[in-house]
Amino acid sequence: MDYQKILEEIADEIKPLFSQGKVADYIPALRDVEPSDFAMSVEFIDGSVYNVGCSKKKFSIQSISKVFTYSMSLCIYEKSLYKRVWHEPSGDPFNSLVQLEYENGIPRNPFINAGAIVTADTLVSKYKNSKKAFQEIKRFIDEISSADITINEEVYHSELKYGFRNMALVNLMKSFKNIENDIDEVMKTYFKQCSFEMSTNELAKAMLYLANHGTHPLTNKKYLNQSQAKRVNSLLLTCGHYDASGDFAFRVGLPGKSGVGGGIVAIVPKMMALCVYSPKLNKQGNSLIGTKALELFTTKTGLSIF
Ligand code: GLN
């Protein structure tokens, strides 16, 4: 199959959609992006790579970071992590508070904000403080992406200042004793992980361990065992796009994770990882063109998991 040609066709076919969608603005610093940017990268487990568009341009990875922190925490805490973060889709927006109260402060899954905040708390507990936890998260992502990634300080401070719902979530969970550490330490860790900037090229490479049973195919380093990698992929399929997870599975048919920065990663098990970037979002906060580009990819190649 001519993957380069397929990516170029996709880049052409999504052009009419650029008038649709809206860049995230509830975090003011996220507004400063070029709305018509588009990039897509495909990396195979044998290391071959195909790119189209601005695939070297760094963007805010936002909730895509939840995949890395959940993998780290699952590796450390194994099954005991499930008591603090469940594995059911929420059917609610990513920053919703409603379920948390009647479910006693236990988030439905690690990919909604509440679940990722608990996950950040588990890493602060393991590494004793936010600074060390953050260093370990950076070390993990640097290693799996073979990059030296940095955070966007402006986005980080903007989230600290305007992350009202996230502060409400962490306080509510603390009241239910599902947050062990000082909430400021936890939120610094969470907001910093969301502020990392990476390109589609780096993110596609970083996700390869999930396409290869938890072992990075290019370095042979094991990050998760086979069963854990299955669980992360299952959660990506059922919960990776919040209240649009069903729609994403219906259209794309791959495990995937979005971020409000406009990135989406997806996995073709035993074969490849993909990343697409386009910052204008649909109503559920997922890249509108990114979703369409992935739908076109699986339609053109027949490479869905179904
Ligand atoms: N940092 C963002 C937030 O906490 C992440 C949300 C997202 O990417 N969906 O609101």
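Higher on the page you've got the structure.
Note that the structure is a prediction, hence the values are computed from the model and not measured. (Residues numbered from 1 in each chain as written. Predicted model: local features only at pLDDT ≥ 70, side-chain atom pairs only at ≥ 80, totals over all residues. Heavy atoms only, no water.)

### Looking at the sheet that holds strand β4 (residues 59–60)
So the rule is basically this: Strands are treated as partners if at least two bridges between them are detected by DSSP. Helical segments are the DSSP runs of H or I of at least four residues, strand segments are the runs of E of at least two, and each set is numbered from the N terminus. In what follows, residue pairs with any heavy atoms lying within 4.5 Å of each other are defined as contacts. Inter-axis angles, ranging from 0 to 180 degrees, are taken between N-to-C directions of lines fitted to C-alpha atoms, where helices are fitted over the stretch in contact.
Taken in spatial order, the 3 strands line up as β4-β6-β5 in an open sheet, and their pairing is antiparallel. A single partner strand is all that each edge strand has here, and the edge strands are β4 and β5 (150–151). By the bridge criterion, 2 bridges tie β4 to strand β6 (residues 196–198) in an arrangement that is antiparallel. For Phe 59, the partnering residue across the bridge sits in β6 and is Met 198. Together, β5 and β6 form the strand contacts of helix α5 (residues 130–145), whose direction differs from that of β6 by roughly 5 degrees.

### Details of helix α8 (residues 183–194)
Put simply, the rule is: Given the number of residues in a helix, its expected span is that number minus one, multiplied by 1.5 Å. The buried label applies to any residue whose accessible area, calculated with a 1.4 Å probe on protein chains only, is under 20% of its type's maximum; exposed applies above 50%, and partly exposed to all values in between.
End to end, α8 covers 16 Å across 12 residues, agreeing with the expected 16 Å (1.5 Å per residue, within 8%). Residues of α8 that are buried: Ile 183, Val 186, Met 187, Thr 189, Tyr 190, Phe 191, Gln 193 and Cys 194.

### Focus: the side chain of Ser 199
Our working rule: As used in this structure description, the phrase polar contact means that two N or O atoms lie within 3.5 Å; if the pair is within protein, one of them must be able to donate a hydrogen and the other to accept it, and residues adjacent in sequence are counted only when both atoms belong to side chains.
Relative to the helices and strands, Ser 199 resides in the loop between β6 and α9 (200–206). For Ser 199, a relative accessible area of 3% translates into the label buried. A distance of 3.4 Å separates a polar atom in the side chain of Ser 199 from the backbone oxygen of Ser 55. Not counting residues within four places of it along the chain, the set of residues in contact with Ser 199 comprises Ser 55, Lys 56, Lys 57, Lys 58 and Phe 59.

### Looking at the sheet that holds strand β9 (residues 272–277)
Pairing within the open sheet is antiparallel, and its 5 strands lie in the order β3-β2-β9-β8-β7. Only two strands of the sheet have a single partner each, and these edge strands are β3 (49–53) and β7 (256–258). Sheet twist, expressed as the mean angle between neighbouring strand axes with direction ignored, is 10 degrees. Pairing geometry for strand β2 (residues 39–44) and β3, over 5 bridges, is antiparallel.

### Observations concerning empty space enclosed by the protein
Using the following cut-off: A cavity, in this analysis, means grid points on a 1 Å lattice covering only the protein atoms where a 1.4 Å probe fits yet has no way out; a pocket is instead an open set bounded by protein on both sides within 12 Å along at least five of seven lines, and a residue lines either one if it has an atom within 4 Å of a point. Grid points are joined across faces, edges and corners, and a volume is the space filled by probe spheres set on the points. Amino acids are sorted into nonpolar (Ala, Val, Leu, Ile, Met, Phe, Trp, Tyr, Cys and Pro), charged (Asp, Glu, Lys and Arg) and polar (every other residue, Gly among them).
The tally for this structure, following the rule as stated, stands at 2 cavities of 30 Å³ or more. Around the largest cavity sit 14 residues that line it, and Ser 96, Gln 99, Leu 100, Arg 108 and Ile 112 are the ones nearest its centre. Looking at the lining of the largest cavity element by element, the count peaks at 3 residues for helix α3 (residues 98–102). Classifying every residue of the lining of the largest cavity by side-chain character gives 8 nonpolar, 3 polar and 3 charged. Counted as a void, the second largest cavity has a volume near 60 Å³. Contributing to the lining of the second largest cavity are Tyr 26, Ile 27, Gln 62, Ser 63, Phe 94, Asn 113, Glu 159, Asn 166, Tyr 190, Cys 194, Tyr 242 and Val 260.

### Looking at the site of the ligand
Selection rule: Each residue is tested against the molecule or strand, and it is near if at least one of its non-hydrogen atoms lies within 4 Å. Where accessible areas are quoted, they stem from the Shrake-Rupley method and a 1.4 Å probe; at the residue level, only the protein chains shown are allowed to cover. Whether a molecule sits in a cavity or pocket is decided by its atoms, more than half of which must lie within 2 Å of the grid points.
Contacts to the ligand come from 13 residues, most closely from Tyr 26, Gln 62, Ser 63, Glu 159 and Tyr 190. Tyr 190 places a side-chain nitrogen or oxygen 2.7 Å from an oxygen atom of the ligand. Side-chain polar atom of Tyr 242 to a nitrogen atom of the ligand: 2.9 Å apart, as the coordinates give it. Within the complex, 99% of the 300 Å² of free accessible area of the ligand lies under protein. One can see that the ligand is located within the second largest cavity. For the shell around the ligand, the residue count by class is 7 nonpolar, 5 polar and 1 charged.

### Some details on the pairing of β9
Note on strand geometry: in a regular strand, side chains alternate between the two faces of the sheet. Within β9, 6 of the 6 residues are buried, which leaves it mostly tucked inside the rest of the structure. In β9, alternate side chains face the same way, and those of Met 272, Leu 274 and Val 276 on one face and Ala 273, Cys 275 and Tyr 277 on the other are all buried. Here 6 bridges tie β2 to β9, and the two strands are oriented antiparallel to one another. From the neighbouring strand, Val 42 faces β9, where its bridge partner is Leu 274. One ladder, built from 6 bridges, connects strand β8 (residues 263–268) with β9; its direction is antiparallel.

### Examining the pattern of salt bridges
The test is simple: Here, a salt bridge means any side-chain nitrogen of Lys or Arg that lies within 4 Å of a carboxyl oxygen of Asp or Glu.
Taken as a whole, this structure holds 20 salt bridges when the rule is applied. Among the ionic pairs, Lys 300 bridges to Glu 9, the shortest N-O distance being 2.8 Å. With Lys 300 in helix α13 (residues 288–301) and Glu 9 in helix α1 (residues 3–13), this residue pair connects regions lying 291 residues apart in the sequence. Between Asp 25 and Lys 22 there is a salt bridge, with the nearest N and O atoms lying 3.1 Å from each other. Given the relative accessible area of 53%, Lys 22 is considered exposed. Residues participating in the shared-partner salt-bridge network are Lys 132, Glu 136, Arg 139, Glu 143 and Lys 221.

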